[in-house]
Amino acid sequence: MARARVIESEHPQTRLSDGTIARIVPSGFTTGFELDVDGTPQSHVDLDDPTHLHFEYVARMGAVIDQLRLPGQPLTAVHLGAGALTIPRYIEATRPGSRQQVIELEQALVDLVKAQLPLPRGAAIRTRIGDARAGVGRLPDALTGAVDLLVSDVYSGSQTPAHLTSIEFYRAAADLLAPEGVLLVNVADGAGLAFARRQVATVQAVLPHVVVLAEVQVLKGRRFGNLVVAASDTALPTQWLPRLMAAGPHPAKVAQGAEVREFTRGALPVTDADATPSPKPAASLFER
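Residues numbered from 1 in each chain as written. Predicted model: local features only at pLDDT ≥ 70, side-chain atom pairs only at ≥ 80, totals over all residues. Heavy atoms only, no water.

Is there a simple way to think about the overall build of the protein chain in this case?
A tally of regular secondary structure across the protein chain gives 10 helices and 12 strands. Computed over its C-alpha atoms, the radius of gyration of the protein chain comes to 18 Å, within 12% of the 19 Å expected for a compact globule of 288 residues. Each principal axis of the C-alpha atoms in the protein chain carries an extent, and together these give about 55 × 40 × 40 Å. Split into buried and exposed, the 288 residues of the protein chain put 50% on the buried side. In the form shown here, the protein chain has an accessible surface area of approximately 13,400 Å², with 53% of it arising from carbon and sulfur atoms. A gap of 2 Å separates the mean positions of the 27 positive and 30 negative side-chain charges of the protein chain. (Helix = DSSP H or I, 4+ residues; strand = E, 2+ residues; numbered from the N terminus. Rg over C-alpha atoms; globule rule 2.2 N^0.38 Å. Buried < 20%, exposed > 50% of the residue type's maximum accessible area, 1.4 Å probe, protein only. Areas by Shrake-Rupley, 256 points an atom, 1.4 Å probe, with all protein chains shown as cover. Lys, Arg positive; Asp, Glu negative; His and termini not counted. Charge placed at Lys NZ, Arg CZ, Asp CG, Glu CD.)

It is not clear to me how the environment of Thr144 should be interpreted in this structure. Could you clarify?
In this structure, Thr144 sits in the loop between α5 (132-136) and β8 (147-152). C-alpha separation for the pair Thr144 and Ala172, spaced 28 residues apart in sequence, amounts to 9.9 Å. With residues up to four places along the chain from it excluded, the contact list for Thr144 reads Asp175 and Leu176. (Contact = heavy atoms within 4.5 Å.)

In this structure, what is going on with the confidence of the model for the protein chain? I would like to understand it.
Regions with low pLDDT should not have their predicted coordinates read in detail. Taken residue by residue, the protein chain gives an average pLDDT of 91. The fraction at 70 or more is 93%. Below pLDDT 50 for its whole length, residues 1-8 participates in two contacts with residues either more than four positions away or in separate chains. (pLDDT = per-residue confidence, 0-100.)

Got a minute to help me understand the packing of helix α2 (residues 56-66) against helix α3 (residues 86-94) in this structure?
The geometry of a pair of packed helices is captured by two quantities: the angle between their axes and the separation between those axes. Contact pair α2 / α3: the axes reach a minimum separation of 11 Å and the direction vectors enclose 35°. Between α2 and α3 lies a crossing whose hand is right-handed. Mapping the contact onto sequence places Val58, Met61, Gly62, Ile65 and Asp66 in α2 and Thr86, Ile87, Tyr90 and Ile91 in α3. Considering only residue class, the contact of α2 with α3 consists of six nonpolar, two polar and one charged. (Axes fitted to C-alpha atoms, helices over the stretch in contact; angles between N-to-C directions. Left-handed = near helix turned anticlockwise from the far one by under 90°. Nonpolar A, V, L, I, M, F, W, Y, C, P; charged D, E, K, R; others polar.)

Whenever I open this one, the pattern of salt bridges confuses me. Can you help?
Working definition: two side chains of opposite charge can pair if their charged atoms are close together. According to the stated counting rule, one finds seven salt bridges in the structure shown. The salt bridge involving Glu215 is made with Arg223; its shortest N-O contact spans 2.9 Å. Taking relative accessible area as the criterion, Glu215 reaches 10% and is therefore assigned buried. Residue classification places Arg223 among the partly exposed residues on the basis of a relative accessible area of 39%. (Salt bridge = Lys/Arg side-chain N within 4 Å of Asp/Glu carboxyl O.)

Where do I start with α2 in this structure?
Since the α-helix turns once every 3.6 residues, residues separated by three or four places project in the same direction. Taken across its 11 residues, α2 has eight buried, putting it largely inside the fold. What α2 keeps buried is the set Tyr57, Val58, Arg60, Met61, Gly62, Ala63, Val64 and Ile65.

Could you clarify how one ought to interpret the sheet that holds strand β7 (residues 125-129) in this entry?
Sheets are built from strands paired through backbone hydrogen bonds, the pairs being either parallel or antiparallel. If you trace the eight strands from one edge of the open sheet to the other, you get β7-β6-β5-β8-β9-β11-β10-β12, paired in mixed fashion. Of all the strands in the sheet, the pair left with one neighbour each is β7 and β12 (252-256). The mean angle between the axes of side-by-side strands here comes to 15°, regardless of whether they run parallel or antiparallel. When strand β5 (residues 76-80) meets β8, the two strands line up parallel, connected through four bridges. By the bridge assignment, His79 is partnered in β8 with Val151. Contacting β8, β9 (177-189), β10 (209-215), β11 (225-232) and β12, α2 crosses the sheet at an angle of about 165° to β9. Relative to β9, helix α7 (residues 194-206) is tilted by about 170°, and along the sheet it contacts β9, β10 and β11. (Pairing = 2+ DSSP bridges.)

Quick question: what am I supposed to make of the side chain of Arg60 here?
With respect to the helices, strands and loops of the structure, Arg60 is situated in helix α2. You can call Arg60 buried: its relative accessible area is 6%. Those residues in contact with Arg60 that lie beyond four places of it in its chain are Leu213, Ala214, Glu215, Asn226, Val228, Met245, His250 and Ala252.

Just to check I follow, could you spell out the sheet that holds strand β3 (residues 33-37) for this structure?
Pairing in this open sheet of four strands is antiparallel, and the strands run β1-β2-β3-β4 from one edge to the other. Each edge of the sheet is formed by a strand with only one pairing partner; in this case those strands are β1 (13-15) and β4 (40-45). On average, each strand axis in the sheet is tilted by 20° relative to the strand beside it, whichever way the strands run. In this sheet, β3 lies alongside strand β2 (residues 21-26) in antiparallel orientation, the contact comprising five bridges. Across the sheet, residue Ala22 finds its bridge partner in β3, namely Val37. Along the sheet face, helix α4 (residues 107-116) touches β1, β2 and β3 and points at about 15° away from the line of β2.

Explain the packing of aromatic side chains to me, please; I cannot follow it from the model alone.
The description of two aromatic rings rests on the distance between their centres and on the angle between their planes. Applying the stated criterion across every chain yields a total of one aromatic pair. Above the plane of the ring of Phe263 lies Arg197, whose end atom (NZ or CZ) is 4.7 Å from the centre. (Phe/Tyr/Trp six-rings, centres within 6.5 Å; stacked < 30°, edge-to-face > 60°. Lys NZ or Arg CZ within 6 Å of the ring centre and 35° of its normal.)

What exactly am I supposed to notice about empty space enclosed by the protein here?
If a probe the size of a water molecule is rolled over the atoms, the empty space left behind becomes visible. Evaluation of the coordinates by the stated rule reveals three cavities of 30 Å³ or more. Within this model, the largest cavity holds a volume of roughly 60 Å³. The set of elements that each furnish at least two residues to the lining of the largest cavity consists of β9 and α7. Within the lining of the largest cavity, the residues separate by chemical class into eight nonpolar, five polar and one charged. The calculated volume of the second largest cavity comes to roughly 50 Å³. Residue lining of the second largest cavity: Val64, Gln67, Leu68, Val182, Val211, Ala230, Leu236, Pro237, Thr238 and Leu241, and that is the complete set. (1 Å grid on protein atoms, 1.4 Å probe; cavity = no way out; pocket = protein on both sides within 12 Å on 5 of 7 lines; lining within 4 Å. Points joined across faces, edges and corners; volume = space filled by probe spheres on them.)

Okay, here's the thing in structure tokens:
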């Protein structure tokens, strides 16, 4: 135990407002670094290759982002939850000239990430400190109806806060989107997928065109994992996604149309009155 404490102290770290410790540690599986918060891996960043998306659910988000507009065309993007700024870095690398806003609750986290994993010089990525839901309402008026991509990936430890799961929240977020803008949500759930089913139903009550991307066993509710929900007011550009998802490294699929209707059958949209945090995964899920 003493040796473990020494090893941990060698990594750049900071204490967050809830008392948890955020650390930047070298990846034990690939190149680059990981942001770890209280034992939960939050983000992976490869400074030498920002297009390297190591976490599978992040790679699925990247696959959707690649379908937006024309290849390489700049986007206007808003990110709720900073993490290590993996997706903003990806967009800057693949779509130079993009304008991006990031809302993050923890100033100490942003300071740690920017000091240890600096952003590319000249990147138009602005970070705003505050609660994600409140921050949506404080963005410049010019962004209302003008955002091409809104990413909601907010976690307090290993759970999404309840107030970021309701239909009221998603309505406020959707107000930012351009007519063909896309909302991406990272939803974590386990056996039965009761939380995920209600989240998809909630998003779909606001934005009618919805697809769900996940590893096959997660989508079947057989193990805990991440599901990416993509939604828009207009039809999503999904023609290449099934082939990309099936390519691995672990087989994944895109649920859309009738599959989404079956996935949400009987699930009621979440409201502020009955919202709950996402399920907490077992600690063993993150054991290395």
